[in-house]
Each structure stands twice: as C-alpha cells, then as structure tokens.
Amino acid sequence: MLKGKKILLGITGSIAAYKSVSFLRLLIKEGAEVKVIMTAHASDFVNPLTFSTLSKNPVLTDLSEGNVWANHVELGRWADVMIIAPASCNTIAKMANGLCDNLLMAVYLSAVCPVILFPAMDEDMWLHAATKANMATLKKQEVQVISVNKGELASGLFGEGRMQEPEDMLRYLDHFFAGKNSLKGKKALITAGPTYEAIDPVRFIGNHSSGKMGISIAEEFAKRGAEVTLILGPSAIIPQGGINVVNVVSAGEMYEEAMKEMELADYIIMAAAVADYTPAEKAIEKIKKTNSPLTLDLVQTKDILLEAGKRKSNGQILVGFALETENEKHYALDKLRRKNADFIVLNSLNDEGAGFAHKTNKITIFGKEGEVNEFDLKLKEDVAVDIINTITKLKND
C-alpha cells in the first residue's frame, strides 16, 4: 500500500524519537520514499546520521546549510503526506499558532498534503487545557491528531502521553491510503450520543454516552470521501472533518431526523444510545420537592433501528449497536434478527475499558449471513476503522 508513496517525516525533541527510527525502517521496508526533517532539539535524542542512513536521503535540519537553501515550499508540495512523529507539546503549540521559527514549521505551513501528528509528551502536558485547545485548533484545520497510548512515561510516571507504537503507526498509515476517497460518492448517516428525555424544564432522563464512538465512525467515513450526516444527541465533543451535523436532544427528535435522512443513505449506522422510555407528560414548570414520593409514568420511545429496518431498501447497509451486561451474544443476535439489520456491533460493559466514558472499546460484529468478527480493545478511532472495513467489504463483495 505504501510502495512509491512520498512521505515527509518530521522528528521533534522528545525521547519518543527512538521509536521513529523503527517507524522509518518499516516505511522503507514497505517501499515508501521518505525525507526526514529534524528540529534542533530532536538531534539531542537521536543522531541525524541514523535517519539519513535508513532513508538514504540527507536529513534536513535548517532553512539553509552552507550556501544551499532548503526549499520548504518544494518539500511541502513533494509529499503525499506529512507525518510528525513524535509531535512534541512545543511543536503542537507552534503549529496551532502559525509560528515559523525552524525548517519543520516552514514546511508544515507550506504543505499542501495531509498532515498527521503522533503526539508524545508527559501526561500533565497532554491533559493541560492549553494543549487541548491547540489540538482542537489543528483538528479544525483538518490536521489529523492521533491519540496517545497509556503507559510508562519518561518522567517515571504511568499515564497518558506515550506515542503510538511503530507497527500501529504503520497500520494507521496503511488505512489512511487505503481509505482515501474509497467512499467518494457514497452517503453515510450516523446517529450518535445520548438522548435527554425531559421531566420538567430542568430535569431529564439520560445516560452516560459521550457520543465518541459514533462521532469517530462519522469522521472515518468523511476521511474516506463519503458525504456524511451525523445526527448527534447532547455531547461535549465537536466532530471534525466536513461533517453535516444535525443536533438533537430527545429520542423523538432523533427519530424524526433519522427517518428524514435515511432514504438517500448508502450506509446507516445507528450508534446512538437512545432512551427506550420517556415521561408520558413533561411538566411545564419545575417540579417542586415535597415530602411525598414522586412517581413518573413512562412510555416507550419510537424504536429508530426497528423502523429503519422496515424502511431500508435493497443496497442500503443498516448497522445497529448492542451494549449488554449479560447473555451478550444471545441478545445481540436476537436484535440483529428482529431489527432487520445487516450488522450488529456488540460491546459489553463487562469488558474493562469498553462502553461509555472510555476512549477505548472492544467489539464483536455479527453479520446477518452468520459472520462473526471479534476485535481486541482499541481506541475508538481504530474501532471505527474496523467497523467501516467490515461493513464496506459486504457492499464491495
């Protein structure tokens, strides 16, 4: 997949630069042509000679060396993709603010190709509000910022901030090139997030869904060139990547929007955690606390997946989700059959690190033809890749 691809690899000042040596070896082994740019501080961790030997290209460090000028504009137009790995906290801040004080920043600001960052830093820096704001800025500019791993850090602490492993970075790049524009001309409809069912003007029935899984699926569809509509319940996450977002609050609103949008969709992914019940009556004013028990009459909400299964046409792929706590496979297969879905994605609250409020998920995908695809615990962005690879394979077959 990477044979003949032109890759700019930026190395910044981080102990994780040692991983970039292995990453470069993997890129070369796959047949990619790689040019390496290092910041001055990166050279404190790994000798440029190592990278030049492996890449068979001189390592670039300054805007000029001797009487030779490094043409940053030409470099920015040469590459199919620019990767910065490790991307230090300092470099991310410079990128977000458009600073240009070294060759790497000059090339970044001149690049017309996609840019992918693999960050590496200590946990306190990774979780700092300033770093989060900088990464949000870069995502709005369509820079792909890949999540970090959790583990032992250079400070001796254990936490988030480790750069992805070289093999995982290579896998991500393979997916990037394989998926690029592969779904151009296709339409995807995704529901995500919780729904809030009002009790009165200030109280509601809801759940712990963040919307992260469905948003990751929507973003992955967009990366592959699909036209994406995301019907999103209340969520603090801002989707990136040119997605048409329809914000809703209640199950009823989500139902209406989903039915309106599904007719033209090629892929329909119902990832939202929709409330099964809603109060029969919503109080107009805030219900005052009394010494008497409060009884709520609940009625069922409309089943969005069931109705989509009734309405879907030939050629449409319908995917539902099942979050279970017991008899997981039995309930997932029953849902697959009853809802007339093509796939059910099962995740269990019994799996550590899966389900609501986690950055990771562990899934099994069941197909209507009896297919079973089990996956290990992964970041939700990578889970989205597995889901889309699985469901698009059916359509391609």
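Note that the structure is a prediction, hence the values are computed from the model and not measured. (Residues numbered from 1 in each chain as written. Predicted model: local features only at pLDDT ≥ 70, side-chain atom pairs only at ≥ 80, totals over all residues. Heavy atoms only, no water.)

Peer 1: Please provide a residue-by-residue account of the overall build of the chain, values included.
Peer 2: Along its length, the chain carries 13 helices and 23 strands. For the chain, whose C-alpha radius of gyration is 24 Å, the value lies close to the compact-globule estimate of 21 Å for 397 residues. For the chain, the C-alpha atoms occupy an extent of roughly 80 × 55 × 35 Å along the three principal directions. Within the span of the chain, comprising 397 residues, buried residues form 50% of the whole. (Helix = DSSP H or I, 4+ residues; strand = E, 2+ residues; numbered from the N terminus. Rg over C-alpha atoms; globule rule 2.2 N^0.38 Å. Buried < 20%, exposed > 50% of the residue type's maximum accessible area, 1.4 Å probe, protein only.)

Peer 1: Which residues make up the side chain of Thr-12, and what values do they have?
Peer 2: With respect to the helices and strands, the residue Thr-12 is situated in the loop between strand E1 (6-11) and helix H1 (17-29). We classify Thr-12 as buried; its relative accessible area is 0%. A distance of 3.1 Å separates a polar atom in the side chain of Thr-12 from the backbone nitrogen of Ser-88. With near-sequence residues (within four places) excluded, Thr-12 lies in contact with Ala-17, Thr-39, Ala-42, Ile-84, Pro-86, Ala-87, Ser-88, Thr-91 and Leu-104. (Polar contact = N/O pair within 3.5 Å; in protein donor to acceptor, adjacent residues only side chain to side chain. Contact = heavy atoms within 4.5 Å.)

Peer 1: An account of the environment of Tyr-331 is needed here, citing residue identities and associated values.
Peer 2: Topologically, Tyr-331 is positioned in helix H12 (residues 328-338). Tyr-331 gets classed as partly exposed once you look at its relative accessible area, which sits at 33%. Put simply, Tyr-331 and Ile-190 are 141 residues apart on the chain and 22 Å apart in space, counted from C-alpha to C-alpha. Residue contacts for Tyr-331: discarding those within four places in its chain leaves Glu-324 and Glu-326.

Peer 1: Outline the pairing of strand E13 (residues 227-232), supporting the account with residue identities and numerical values.
Peer 2: With five of its six residues buried, E13 lies for the most part within the structure. Bridging between strand E10 (residues 187-192) and E13 involves six bridges; their strand directions are parallel. Looking across to E13, one finds that Leu-189 is bridged to Thr-229. Judged from the four bridges that link them, E13 and strand E14 (residues 244-247) form a sheet pairing that is parallel. Pairing of Thr-229 across the sheet is with Asn-244, part of E14. (Pairing = 2+ DSSP bridges.)

Peer 1: So what's going on with unusual backbone geometry? Residues and values would help.
Peer 2: Each neighbour pair has its own omega, and for Ala-85 with Pro-86 the value is 5°, a cis peptide bond. Note on placement: Pro-86 falls in strand E5 (residues 81-87). Even without a glycine there, the phi angle at Lys-56 is positive, about 60°. Residue classification places Lys-56 among the exposed residues on the basis of a relative accessible area of 68%. One non-glycine residue, Asn-340, adopts positive backbone phi at about 55°. Checked against the element boundaries, Asn-340 lands in the loop between H12 and strand E19 (343-348).

Peer 1: Which residues make up helix H4 (residues 89-97), and what values go with them?
Peer 2: Within H4, the full set of buried residues consists of Cys-89, Thr-91, Ile-92, Lys-94, Met-95 and Ala-96. Where H4 is buried, its residues touch E5, helix H5 (103-110), strand E6 (115-119), helix H6 (123-127) and helix H7 (129-140).

Peer 1: If you had to explain the packing of H4 against H5 to someone new, which residues and values would you point to?
Peer 2: Contact geometry for H4 and H5: axes closest at 11 Å, N-to-C directions at 40°. Classed by the angle they form, the pair H4 and H5 counts as oblique. Relative to H5, H4 is oriented so that their crossing is right-handed. Together, Thr-91, Lys-94 and Met-95 of H4 and Leu-104, Met-105 and Tyr-108 of H5 make up the contact between the two elements. The class makeup of the residues in the contact of H4 with H5 is four nonpolar, one polar and one charged. (Axes fitted to C-alpha atoms, helices over the stretch in contact; angles between N-to-C directions. Parallel < 35°, antiparallel > 145°, perpendicular 65-115°, else oblique. Left-handed = near helix turned anticlockwise from the far one by under 90°. Nonpolar A, V, L, I, M, F, W, Y, C, P; charged D, E, K, R; others polar.)

Peer 1: So, the sheet that holds E14: which residues are in play, and what are the values?
Peer 2: What the eight strands build is an open sheet, ordered E14-E13-E10-E15-E18-E19-E21-E22; its pairing is mixed. Unpaired on one side and paired on the other, E14 and strand E22 (372-374) mark the two borders of the sheet. In this sheet, adjacent strand axes meet at a mean angle of 15° when their direction is disregarded. Sitting on the sheet, helix H11 (residues 304-311) is in contact with strand E15 (267-270), strand E18 (317-324) and E19, with an inclination near 155° to E18. H12 rests against E18, E19 and strand E21 (364-367) of the sheet, and its axis sits at about 155° to E19.

Peer 1: Go over the pairing of strand E8 (residues 149-152) with me, naming the residues and quoting the values.
Peer 2: One ladder, built from four bridges, connects E8 with strand E9 (residues 158-162); its direction is antiparallel. By the bridge assignment for E9, Glu-152 is matched with Phe-158. Remark: five residues form the turn of the hairpin made by E8 and E9, two consecutive strands paired antiparallel; Gly-156 in that turn has positive phi of roughly 95°.

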